[in-house]
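Structure at a glance
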Amino acid sequence: NEYKSYLSDMAFFKPALLKAVGAAAAITVLNRIPATYDVIEESIYLPLVHLFSPETAHQLALKAARYGLPPSDSSSSDLLRSEVLGLEFSNPIGLAAGFDKDCEAIDGLMRLGFGFVEVGSVTPQAQSGNPKPRVFRLPEDSAVINRYGFPSKGYEVAKQNIQSSNSHFRSNSKLGINLGVNKSSSEPLKDYIVGIEQLGSLADYLVINISSPNTPGLRDLQSRARLQELLAGVREHVRHIQHTSSCRFLLLKISPDLNDDDLKEVVELALDPENGVGGLIVSNTTTSRPENLQNPQKDEKGGLSGRPLKEISTEMIRKVYRLSDGKLPIIGVGGVDSAEDVYEKIKAGASLVQLYTSLIFRGLGHVRRIKRELVKLIEADGFTNIEEAVGADAAKVVRS
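This structure is a prediction, so every number in the text was calculated from the model and none was measured.

Overall, the coordinates contain 20 salt bridges when judged by the stated rule. For the salt bridge of aspartate 73 with lysine 371, the shortest nitrogen-to-oxygen distance reads 2.8 Å. Here the residue aspartate 73 occupies a position in the loop between helix 3 (54-66) and strand 1 (82-84), and lysine 371 occupies one in helix 12 (residues 366-380), the gap between them amounting to 298 residues. Note on accessibility: aspartate 73 and lysine 371 belong to one class, buried.

Okay, the packing of helix 9 (residues 310-323) against helix 10 (residues 339-348) next. For the pair helix 9 and helix 10, interaxial distance at closest approach is 8 Å and the crossing angle is 25°. Regarding the angle of helix 9 to helix 10, the classification is roughly parallel. Contacts from Lys310, Glu311, Ser313, Thr314, Ile317, Arg318 and Tyr321 in helix 9 reach Asp341, Glu344, Lys345 and Ala348 in helix 10.

Turning to the pairing of strand 4 (residues 116-122), a few remarks are in order. Both faces of the sheet carry side chains from a regular strand, because those side chains alternate between them. For strand 4, the tally of buried residues reaches seven of seven residues, placing the bulk of the element in the interior. Taken together, strand 3 (residues 93-95), helix 4 (residues 106-111) and strand 4 form a β-α-β motif whose crossover is right-handed. Here strand 4 pairs with strand 7 (residues 174-179) via six bridges, running parallel. Pairing of glutamate 118 across the sheet is with glycine 176, part of strand 7.

Turning our attention to the sheet that holds strand 6 (residues 143-146). Taken in spatial order, the three strands make up an open sheet running 5-6-11, and their pairing is antiparallel. Each end of this open sheet is capped by a strand with a single partner; those strands are strand 5 (135-138) and strand 11 (303-306). On average, each strand axis in the sheet is inclined to that of its neighbour by 20°, with strand direction left out of account. With four bridges connecting them, strand 6 and strand 11 associate as antiparallel partners. When the sheet's bridge partners are listed, asparagine 146 is paired in strand 11 with glycine 303.

A separate point is unusual backbone geometry. Glycine aside, a negative phi is what most residues show, and trans is what most peptide bonds show. Here the residue pair glycine 120 and serine 121 is connected by a cis peptide bond, since its omega of 10° sits within 30 degrees of zero. Residue position: serine 121 is located in strand 4. Proline 133 follows lysine 132 through a cis peptide bond whose omega is -5°. You can see proline 133 is positioned in the loop between strand 4 and strand 5. Residue serine 142 is not a glycine yet carries a positive backbone phi of 50°. Among the secondary structure elements, serine 142 is positioned in the loop between strand 5 and strand 6. According to the relative accessible area criterion, serine 142 is partly exposed, its value standing at 24%.

Now for the sheet that holds strand 12 (residues 330-333). If you trace the eight strands once around the closed barrel, you get 3-4-7-8-9-10-12-13, paired in parallel fashion. The average undirected angle you get between the axes of adjacent strands in this sheet is 25°. Examined bridge by bridge, strand 9 (residues 249-254) and strand 10 (residues 279-282) share four bridges and lie parallel to one another. Bridge pairing in strand 10 places leucine 251 opposite glycine 279. Of the strands in this sheet, strand 4, strand 7 and strand 8 (205-209) are in contact with helix 6 (residues 188-199), which crosses strand 7 at around 155°.

A rise of 1.5 Å per residue sets the reference length of helix 12, with its 15 residues, at 21 Å; its end C-alpha atoms lie 21 Å apart and thus fit the reference within 8%. Buried within helix 12 are the following residues: His366, Val367, Arg368, Arg369, Ile370, Lys371, Leu374, Val375 and Ile378. On its buried face, helix 12 sits against helix 2 (34-49), strand 3, helix 10, strand 13 (352-355) and helix 11 (357-362). Remark: glycine 382 follows helix 12 within two positions and exhibits a positive phi of approximately 80°.

About the cut-offs
Residues numbered from 1 in each chain as written. Predicted model: local features only at pLDDT ≥ 70, side-chain atom pairs only at ≥ 80, totals over all residues. Heavy atoms only, no water. Salt bridge = Lys/Arg side-chain N within 4 Å of Asp/Glu carboxyl O. Helix = DSSP H or I, 4+ residues; strand = E, 2+ residues; numbered from the N terminus. Buried < 20%, exposed > 50% of the residue type's maximum accessible area, 1.4 Å probe, protein only. Axes fitted to C-alpha atoms, helices over the stretch in contact; angles between N-to-C directions. Parallel < 35°, antiparallel > 145°, perpendicular 65-115°, else oblique. Contact = heavy atoms within 4.5 Å. Right-handed = clockwise from strand over helix to strand, strands pointing away. Pairing = 2+ DSSP bridges. Expected span 1.5 Å × (residues − 1).

So, in structure tokens, the structure goes:
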């Protein structure tokens with residue numbers, strides 16, 4: 001009787017099951033067509049994902065990338081190719097740290113068409129980060145506030161994930177690893193040294209994050225004395241990695257909230273060849289809150305990213321470019337939502353540009369669209385390569 005009941009149930013569910021399987025197969029096929037995927041993403045995926053909490057939505061997007069849901073993009077243009085500190089980049093658009101904290105979706109993210117993907121921030125030991133809720137969407141402002149506090153599964157898990165990724169994708173996309181510190185650590189220098197030693201040989205470049213506003217005391221490392229001490233402590237370890245692996249350079253990720261005097265000191269230290277700094281990432285999230293923010297969650301504690309950060313970070317890029325006379329490579333990040341935003345940061349002085357928050361509101365297919373439009377902007381200005389545009393507008397007057 002139980003067997004007959006089972007057969008009866010199967011007969012009842014079979015049509016629905018076949019329809020579900022057929023629909024899933026059809027969606028999978030349609031996802032491989034970029035134009036179709038864009039429509040599905042805008043009309044179905046994003047509204048559906050935004051029904052979940054921001055952190056859950058983040059995890060869903062990470063899984064989608066990991067399992068290859070969005071269509072891959074291997075398109076390239078000689079206009080977008082550039083060389084920065086000895087590395088060849090297929091295009092100047094990268095994914096900022098924070099999206100893939102534990103390096104679990106590297107292959108899928110590189111498939112999306114990024115010229116480089118930065119993973120992390122990774123901490124030496126596993127830690128849960130700050131209490132939830134710790135991420136807040138501000139859709140009216142095209143912004144996000146987060147106070148994650150470096151949730152991480154630790155260096156060992158990150159190392160395993162990177163080693164198991166497919167090196168095939170590394171031919172068109174470079175890998176950066178962003179190093180953080182444990183909240184309980186009393187010696188940040190040791191945390192960074194362990195990260196350099198354990199993960200440095202797996203990266204094309206390393207980043208020391210000294211600017212997250214969500215780890216107490218971290219931003220203090222940007223003061224001249226503390227930063228000089230930090231760089232003196234890591235430089236031999238960095239040089240060893242550079243001589244024994246494919247890792248080419250070390251970057252510092254700085255805060256957009258630095259005053260002009262502090263920024264000048266950071267640039268001076270970065271320019272000193274003895275310190276071994278290859279360039280700066282400008283910038284991290286801001287603790288400031290523009291008066292025109294509209295979402296009720298605007299006063300939540302944490303770092304603000306997205307559109308309100310755009311002008312702040314772009315002006316800081318101009319300052320760094322001018323302070324260094326264009327000698328210090330810059331990765332620009334903050335409020336990048338379009339090809340025009342990418343181009344603006346490049347002309348302000350950035351050699352490369354990263355995005356993250358715009359993916360929350362635009363979807364994972366956004367980088368492909370930006371690349372296509374960026375080519376048009378370069379052609380319209382008569383440049384033969386993106387490198388020619390770097391710093392073209394750096395002389396613009398910067399607000400004080």
